[in-house]
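# Residue-level structure breakdown
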Amino acid sequence: MTVIDSRRTPLTFDSIVPGTGLAVALKLSRADLIATVAASNLRGRGGAGFPTATKWNLAAAAKVAEGECKFVVCNADEGEPGTFKDRVLLTEYAPLVFEGMTIAARAVGAKRGILYLRGEYVYLRPALDAELARRRKDGVLGAAIGGVAGFDFDVEIRMGAGAYVCGEETALIESLEGQRGEPRNRPPFPVDTGFRNQPTVVNNVETLAAVTAILAKGPEFFRKLGSERSAGFKLFSVSGDCDAPGVYEFPLGLTLRELLEQAGGTDAKAVQVGGASGVCVPAAQFGRRIAFEDVATGGSIIVFGPHRDMLAVAKNFMEFFCEESCGQCTPCREGNAKLLEGIRMLERGECSTAYLRELRLLGETMQLASKCGLGQSSPNAFLSIVEHFPDEVLGRSLAAAGGTR
Amino acid sequence: MSTVKETRPGTDRAPVSQNPRPLTYPPDASQSIGGEVSVQIDGQDVKVPIGTSLLDAAKKVGVHIPTLCHHPDLRVAGVCRVCVVEVEGQRTLQAACAYPVTSPLKVHTHTRKVRQARRHVVDLMLSTHCGECYSCKRNNNCELQKLAREYGVDFFRFGHVKASRIPKDESSYSVVRDMDKCILCRRCVRTCIDLQEVGVLEAIGRGHETRISTYLDKALADVVCINCGQCINRCPTGALHANDTSDEVWRAIDDPTKHVVIQTAPSPRAAIGECFGLEPGVPMTGQLNTALKLAGFDKVFDTNFTADLTILEEGTELLVRLHDALVKKQPTALPQFTSCSPGWVKYLEHFHPEYIPNLSSAKSPQQMFGAVIKTWYAQRNGIDPKDIVTVALMPCSAKKFECNRPEMDSSGFKDVDFGLTTREMAQMIQEAGIHLPSLAKSGFDDPFGDATGSGVIFGATGGVMEAALRTVIELVTGLKVEKLFEHANIVSVRGFEGVRLIELPITQVASEVPEIIRKHVPSFDFLKGVTLKVAVAHGTANAKRVMEDIRAGGPFSECHFIEFMGCPGGCLGGGGQPIPTSPEIRQARAKAIYAEDAGSAVRKSHENPAVLRLYTEFLTDGPCGHKSHELLHTHYTARGKHIG
């Protein structure tokens, strides 16, 4: 297998001189700073695509309890199967990420920052700690950053412990507080009631790095890239059955076909966009755009070649979710297990079409009634594979029944 | 009753699992100007204060939304997802119990999506819920069963687990855990961690492997469980129930060589009617006496007799401690803590063992009764104590543990053979074909007879303190307590606030100490000018707060006497009481208890003629004398938090 985290395209981040973005930010009032980010139309890079400036505005307006402070949390729990672009950012562009956190802190008035680092990335920690120390020495972390009186902000690193669900922001906060990593009810949202019940901005690694780029190069540069509702450039982690897996940067809005041409996977029969929680797009729909208004992704693109068994693909994803569901809410905890059981029945040719129909409705229930994004998106892969590859899914039933009903 | 204000658990609580967020959004919603917002639910408009949950808003217009993980005593969890509704403009369905209304909304509670989701949720729960309804303790009183009926479950859509996967944990004398029936609503977890702050139960594992367990998966008897049974009261299914010994009791009743006596505590009477379809708060004292005799008990006694006895023993002990501290200037363990709640006692043994000297050495009324029955009563009636079986009807699951404490054998026999809960007794009465509410009333049997109102109020939080004060004040000041408090109602110790601290300045003392305690305390002069400080706490979360205050040298450390009850509301909210429970239900039970007190002919423990006779005939060296120490007092075990 090829080394997967090799960079396949030049990255915009290469052209950003560390410190430039923060310098611009410090010259702006907090309102103007948020307005600048708003003007870029930046939407969260973690996958959900919430407008970053809106999140910051809410946190900036939220009240802090006495003796407490606001927080900026960098979500570096990169756990979505098939995503490895945050690892590249943390390895090679950590200064831009921390700079983005500092800019966010300036915007919302936060005093403390936390980098929540995926447990498996513990090997990155010494370098990241060294970078934090360097920043403190350089006066871009700590008290009166950049000589601005009252702008005090520091960042600490906290390790995740391997739970996928802790990438969900409220579960991440529970984890930070020392609890089981289980999502909270929303509302209230973290911008209002987050870590230690204080206003907390949780942004993805790439979002924060993009903020630095936006401040450094101006919002226009960013907004001009991408589609109307999905501005800017985006990193993609491309893996699977293609010639050149790796990390790519493209403006949002490109079609899957365009991406596959770059990665050498044009013979694919399907692409899983958005990781395990994303959707499986069949070849017939490769004209669809990767954008929030069409197929959204936090960056994970998994290519399935012509020889792939799509039921096995669905099974793999469902096994993942059965293990990674936090077990809190009924639809996700039990629903994923039922879908996986259904896939095993399909494999053995033991699943009736009536029961498959029931399972598809169950998938809808999970999407509608689960407590958090994990359960709401976990049936996506199963549902799209059943929809787009009925022959592969149901064929076994027919074969097992001797080809007849 | 005076103002009844339930202190809801945990506004200033340390973070706990299960989303410790208050259900107000924005957080200062209660202070917002205007503070009301209109919601349209199934076409009906209603105005509610900002932050009200959709569930409560729907209740206001009579729209029923099913719930399962929701409980009025517990923090919002929003995990079962059976209460989902459709909110216009929202992509996904929202859990009505956890969704605060902060802006005008249109809500639909029975669309196709909602009905499908709810039915799927119930089907999914049933798919892993192992056990037949017929053989379940909660048959006909099960929230899952009720939901299955409401949602028309007529087959197991996603299958149904047939074989048991998890062995029952029957290690505890008090609580049985049948995790095959657990549907992971986590009410027990929230009860144990948030409401009681004991923290024995927590979810472990993830996804489909999630289950509720204990520290290192140990048996319940081997962890710091205090047996309060509050988890049982809040379990929606039969996954948690008390360790039922009613079959052994039937066996004893059936055995002609056994003399089976039962003592009944005040709280079961105030609640057992609920098991027969009555509204909470209808006292069944007289009917219960009749029923117990019909069921085959040889004698029916009132635990209140020993509640009064407890007051004399514990009150004397307090006076002795005060005398030791103030006159003899000896180092004395003060404040004195009550010891009648076995949940509280075990809590202290585990979590604050260094304060064991502060616990009154007086046994609980249940255990005193057992000891008196197998000694004085046996002698008086010429019955060999080995042929006596003492049963205690208690609102409590911890009483089962208490009667099995190895030290509880001062009569030479096991003082109390079986503790039964209110629920178990209701079941026995039903099994005997007796319809409790329609029975004629009857009294308690001699020689203990009818007790005083002071004994009755032991059932409510503050009751032990009020009873003790009625006696102590009267003995110490020589004044009739009615002169100081209208109708002898010391209302300042009543109510449902979690913690109460009351100061009573002693401005005059009696010239003579009653003979019965004179050898311990020759004169009351030392108490003149002393301000008696007493406190009341109910629920171990509140007890924890008081203990922390004492440890820190706060105002509670200056108290002389503190009543602690392990359960919220006191015994009337005990872990053996009918299910369901809620603040309103507990208030109704309290009302029944105080009504019984108000209607009692004798309302002060030291005026109980049967108790006085016991001291004349049997415990001749008086309260805290040699014989009473032997029979009516006990010792405790420093258990600590770290168990084997």
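Keep in mind the model is a prediction, meaning the values are calculated, not measured.

### So, the overall build of chain B
Helix and strand content of chain B: 21 helices and 17 strands. Computed over the C-alpha atoms, the radius of gyration of chain B is 25 Å, within 12% of the 26 Å expected from 2.2 N^0.38 for a compact globule of 644 residues. Scored against the burial criterion, the 644 residues of chain B give a buried share of 58%. Taking contacts inside chain B between residues at least 6 apart in sequence as the whole, the part at least 24 apart equals 76%.

### Focus: the overall build of chain A
When helices and strands are counted, chain A shows 16 helices and nine strands. Taking 2.2 N^0.38 as the reference for a compact globule, 405 residues should give roughly 22 Å; the C-alpha atoms of chain A span a radius of gyration of 22 Å, in line with that estimate. The principal-axis extent of the C-alpha atoms belonging to chain A is close to 80 × 45 × 35 Å. Counting all 405 residues of chain A, 58% fall into the buried class. A separation of at least 24 residues holds for 72% of the contacts in chain A among residues at least 6 apart in sequence.

### Some points on the sheet that holds strand 1 (residues 70-76) of chain A
All names here are of chain A. If you trace the four strands from one edge of the open sheet to the other, you get 3-2-1-4, paired in parallel fashion. If you trace the sheet from one side to the other, it starts and ends with strand 3 (154-159) and strand 4 (200-204), each paired once. Sheet twist, expressed as the mean angle between neighbouring strand axes with direction ignored, is 20 degrees. Two elements, strand 1 and strand 4, share five bridges in a ladder whose sense is parallel.

### Regarding the environment of A:E350
Residue and element names in this part refer to chain A. Structurally, the position occupied by E350 is in the loop between helix 12 (330-347) and helix 13 (353-369). Its 14 C-beta neighbours within 10 Å are what place E350 among the partly exposed residues. With 260 residues separating them along the chain, E350 and L90 place their C-alpha atoms 47 Å apart.

### Section: the sheet that holds strand 4 (residues 94-95) of chain B
All names here are of chain B. If you trace the five strands from one edge of the open sheet to the other, you get 2-1-5-3-4, paired in mixed fashion. Single-partner strands in this sheet number two, and they are strand 2 (44-49) and strand 4. The sheet strands contacting helix 2 (residues 112-128) are strand 3 (84-87) and strand 5 (105-108), and the helix crosses strand 3 at an angle near 160 degrees.

### Topic: the interface of chain B and chain A
Often the size quoted for an interface is simply the accessible area lost on bringing the parts together. Each partner contributes residues to the interface: chain B has 36 residues there, and chain A has 33 residues. Among the elements that line the side of chain B that touches chain A, the one with the most residues is helix 2 of chain B, at nine residues. Residues belonging to the side of chain B that touches chain A are distributed by class as follows: 19 nonpolar, 12 polar and five charged.

### Overview of the domain arrangement of chain A
All names here are of chain A. In terms of domain boundaries, chain A breaks down into domain 1 (12-224), domain 2 (233-304) and domain 3 (310-400). Taken together, the contacts link eight residues of domain 1 with eight residues of domain 3. Class assignment of the residues belonging to the side of domain 1 that touches domain 3 gives a composition of five nonpolar, one polar and two charged.

### Here we look at the pairing of strand 13 (residues 388-394) of chain B
Residues and elements named next belong to chain B. Within strand 13, seven of the seven residues are buried, leaving the element largely enclosed by the surrounding structure. Side chains I388, T390, A392 and M394 project from strand 13 onto one buried face, and the interleaved V389, V391 and L393 project onto a second face that is buried too. Of the strand pairs in this sheet, strand 10 (residues 259-264) and strand 13 are connected by six bridges, and their pairing is parallel. Looking at strand 13, one finds that T264 is bridged to L393. Pairing analysis gives four bridges linking strand 13 to strand 14 (residues 418-421), with the strands arranged parallel. Counterpart to L393 in the pairing with strand 14 is L420. Crossover strand 13 to strand 14 through helix 12 (residues 398-403) is right-handed.

### Observations regarding the environment of B:K328
Residue and element names in this part refer to chain B. Locating K328 in the fold gives a position in the loop between helix 9 (304-326) and strand 12 (336-337). Owing to 11 C-beta atoms within 10 Å, K328 belongs among the exposed residues under this scheme. Distance in space between the C-alpha atoms of K328 and D217 is 50 Å, their sequence separation being 111 residues.

### Considerations on the packing of helix 9 of chain B against helix 15 (residues 463-477) of chain B
Residue and element names in this part refer to chain B. Helix 15 packs onto helix 9 with a crossing angle of 65 degrees between their chain directions and a minimal axis gap of 10 Å. Where helix 9 crosses over helix 15, the handedness of that crossing is right-handed. Residues I311, E314, G315 and L318 of helix 9 pack against A467, A468, T471 and V472 of helix 15. Residues of the contact of helix 9 with helix 15, tallied by class, amount to five nonpolar, two polar and one charged.

### Describing the confidence of the model for chain B
Residue and element names in this part refer to chain B. Averaged over all residues, the pLDDT of chain B equals 92, while 94% of them reach at least 70. When the criterion is pLDDT under 50, residues 1-32 qualifies, and its contacts beyond four places in sequence or with other chains add up to 71 contacts. We note a pTM of 0.93 for the whole complex and an ipTM of 0.94 for its interfaces.

### Examining unusual backbone geometry
Here the amide bond leading from A:R186 into A:P187 is cis, since omega sits at -5 degrees, within 30 degrees of zero. Within the secondary structure, A:P187 sits in the loop between helix 7 (169-176) and strand 4. In this model, A:P187 is joined to A:P188 through a cis peptide bond whose omega is 0 degrees. Here A:P188 is to be found in the loop between helix 7 and strand 4. Residues other than glycine seldom take positive phi values, yet A:N41 does so here, at roughly 60 degrees. Secondary-structure assignment places A:N41 in the loop between helix 2 (30-40) and helix 3 (52-61). Residues other than glycine seldom take positive phi values, yet B:E197 does so here, at roughly 55 degrees. Secondary-structure assignment places B:E197 in the loop between helix 4 (187-195) and strand 7 (202-204). Since 21 C-beta atoms lie within 10 Å of it, B:E197 is described here as buried.

### A short note on the packing of helix 1 (residues 20-27) of chain A against helix 8 (residues 205-217) of chain A
Residues and elements named next belong to chain A. The N-to-C vectors of helix 1 and helix 8 enclose an angle of 70 degrees; their axes lie 7 Å apart at closest approach. By the angle between their directions, the pair helix 1 and helix 8 is classed as roughly perpendicular. Crossing angle aside, the handedness with which helix 1 passes helix 8 is left-handed. Residues T20, G21, V24 and A25 of helix 1 touch helix 8, and the partners they reach there are T212, A213, L215 and A216. In the contact of helix 1 with helix 8, the residues fall into five nonpolar, three polar and no charged.

About the criteria used
Residues numbered from 1 in each chain as written. Chains lettered and ligands numbered in written order. Predicted model: local features only at pLDDT ≥ 70, side-chain atom pairs only at ≥ 80, totals over all residues. Helix = DSSP H or I, 4+ residues; strand = E, 2+ residues; numbered from the N terminus. Rg over C-alpha atoms; globule rule 2.2 N^0.38 Å. Buried ≥ 20, exposed ≤ 12 C-beta atoms within 10 Å, placed from the backbone. Contact = placed C-beta atoms within 7 Å. Pairing = 2+ DSSP bridges. Axes fitted to C-alpha atoms, helices over the stretch in contact; angles between N-to-C directions. Nonpolar A, V, L, I, M, F, W, Y, C, P; charged D, E, K, R; others polar. Domains from an automatic or database assignment. Right-handed = clockwise from strand over helix to strand, strands pointing away. Left-handed = near helix turned anticlockwise from the far one by under 90°. pLDDT = per-residue confidence, 0-100. Parallel < 35°, antiparallel > 145°, perpendicular 65-115°, else oblique.

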